[in-house]
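Descriptive structure summary
So the chains spell out like this:
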Amino acid sequence: MSPAAPGTGPAYQSEAMTGREIKSGRSAVARRQAWEGRIFALPFILGFLAFWLYPMSYSVYLVFQDWDLLSPPSFVGLDNIFELFRDESIGISLGNTSYYTFIGVPLQLILALALALLLNVKVRGLAIYRTLFYLPAMTPIVASAIVWLQILHPEFGILNSFLRNFGIEPVNWLFDPRAAKPAFILMTLWGVGPQMVIFLAGLQGVPQSLYEAAEIDGASRFQRFLFITIPMISSITFFNLVVGVIASFQVFTTAFIMTRGGPQNATLFLVLYLYRNGFQYFKMGYASAIAWMLFVIIVAFTVIQFRLASRWVYEEGAPA
C-alpha cells in the first residue's frame, strides 16, 4: 500500500474544512454586522432625505418659481435672482448681519477666552463657577429674549439702572437705531458658555512643560500667554471662529421676538427678512433665492477662513 501524497491525507483535509468553516463564519458575522449597521443608520438616513435633502432640492426648484402657498407654482425664470440685486432691503439686511458678525463674533471669542483663562485655575468651588458661567447657554432662546427685554427696558431695565449709578443717561436700547445692534451684540455675550468650554478644554491640553521651560528662560506671564498659550490653542480659536461666523449669519429668533426688525430696520437681519418674504408676503420663490444667497455667503466665508488658517493656526507635527 503506497503512502498518501502530501496534502491529501485525512488530517490535511480536516484542517482545510476547518479553515473554510472559520472563513464562512467570519463572513457571516461581517454580513450580519453590516446589516445591523445599516439598520441603526436608517433613521438618520431617512431623516436626512426627508428633512434635509428633499427640502433643499425643492427650494432650488422654487428659486425659479413664483409661489404664494395657495396657487400652483408658476415658472418665472431668473426673476427671483435678479430681484436680489434690485431689493434695497437685501442691502440693509446684509449690512445689519455683517455688522453683527464682524463685531459680535470677535467679542464673543475674547470674552469666552477670558472666562476660560479665569476658570483654568485651581480654586475652591471651581466646578460651581464653571456651571454658573455655562448656565446661560442652557437657557432656551425664547426665554433668554424675554429676560433681555426686561434688562434692556429704557425705564425699568436693570442695565439702565446700573448705568445711572455712574451718571450715564438711560439708553433706548431697543428703540434707538444706533443702539439696537449693539444691544443685540451685548445679548450674545450672555451665551458664550459653549465657546468657553471649548477654550477651557484647549487650555488644559497645553503641556505644562512648555510653561516651565519658558519660565526658566525668564519669560513673563504675558509672554508665556502670547507665545505659548495663543499658538497652542489656535486650532481651538479657529474652530470657534468658524462656528461663530456661521451662527451669526443665521441670527433670527431674538430679532423676531424682541424687535421684529425695528427700529427703522436696524435689526432686520437676513434670515428675518427671508422669513418675512416666505411667511408674511408669501413669496416662497424669492425667499428660496434669499436662502441660497445666504448659503453661498456662508460657504464663501468658511472657505476663506480655511484658506487663511494656514497663516496663523498652529498644528503640532506640521512642517514650519
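Residues numbered from 1 in each chain as written. Predicted model: local features only at pLDDT ≥ 70, side-chain atom pairs only at ≥ 80, totals over all residues. Heavy atoms only, no water.

1. What to know about unusual backbone geometry
- In this model, glycine 262 is joined to proline 263 through a cis peptide bond whose omega is -5 degrees.
- Turning to its location among the elements, proline 263 is positioned in the loop between helix 12 (253–258) and helix 13 (270–279).
- Phi at arginine 260 is positive, roughly 55 degrees, even though this residue is not glycine.
- Note that arginine 260 resides in the loop between helix 12 and helix 13.
- Taking relative accessible area as the criterion, arginine 260 reaches 47% and is therefore assigned partly exposed.
- Although it is not a glycine, glutamine 264 adopts a positive phi angle of roughly 55 degrees.
- Topologically, glutamine 264 is positioned in the loop between helix 12 and helix 13. (Helix = DSSP H or I, 4+ residues; strand = E, 2+ residues; numbered from the N terminus. Buried < 20%, exposed > 50% of the residue type's maximum accessible area, 1.4 Å probe, protein only.)

2. Examining the environment of glycine 157
- With respect to the secondary-structure elements, glycine 157 resides in the loop between helix 5 (141–151) and helix 6 (158–164).
- Along the chain, glycine 157 and valine 171 lie 14 residues apart, while their C-alpha atoms are 9.9 Å from each other.
- Each residue touching glycine 157, except ones within four places of it in the same chain, is listed here: Gln150 and Ile151. (Contact = heavy atoms within 4.5 Å.)

3. Focus: the packing of helix 11 (residues 234–248) against helix 14 (residues 284–309)
- Packing of helix 11 against helix 14 leaves a shortest axis separation of 10 Å and a crossing angle of 165 degrees. Taken as axis vectors, helix 11 and helix 14 run roughly antiparallel relative to one another. Both helix 11 and helix 14 take part in a crossing whose hand is right-handed. Contacts between helix 11 and helix 14 involve Phe238, Leu241, Val242, Val245 and Ile246 from the first element and Ile298, Phe301, Thr302, Gln305, Phe306 and Ala309 from the second.
- Residues belonging to the contact of helix 11 with helix 14 are distributed by class as follows: 9 nonpolar, 2 polar and no charged. (Axes fitted to C-alpha atoms, helices over the stretch in contact; angles between N-to-C directions. Parallel < 35°, antiparallel > 145°, perpendicular 65-115°, else oblique. Left-handed = near helix turned anticlockwise from the far one by under 90°. Nonpolar A, V, L, I, M, F, W, Y, C, P; charged D, E, K, R; others polar.)

4. Section: the environment of methionine 187
- Within the fold, methionine 187 resides in helix 7 (residues 177–188).
- Residue class for methionine 187 comes out buried when judged on its relative accessible area of 6%.
- Spatially, the C-alpha atom of methionine 187 lies 31 Å from that of arginine 307, the residues being 120 residues apart in sequence.

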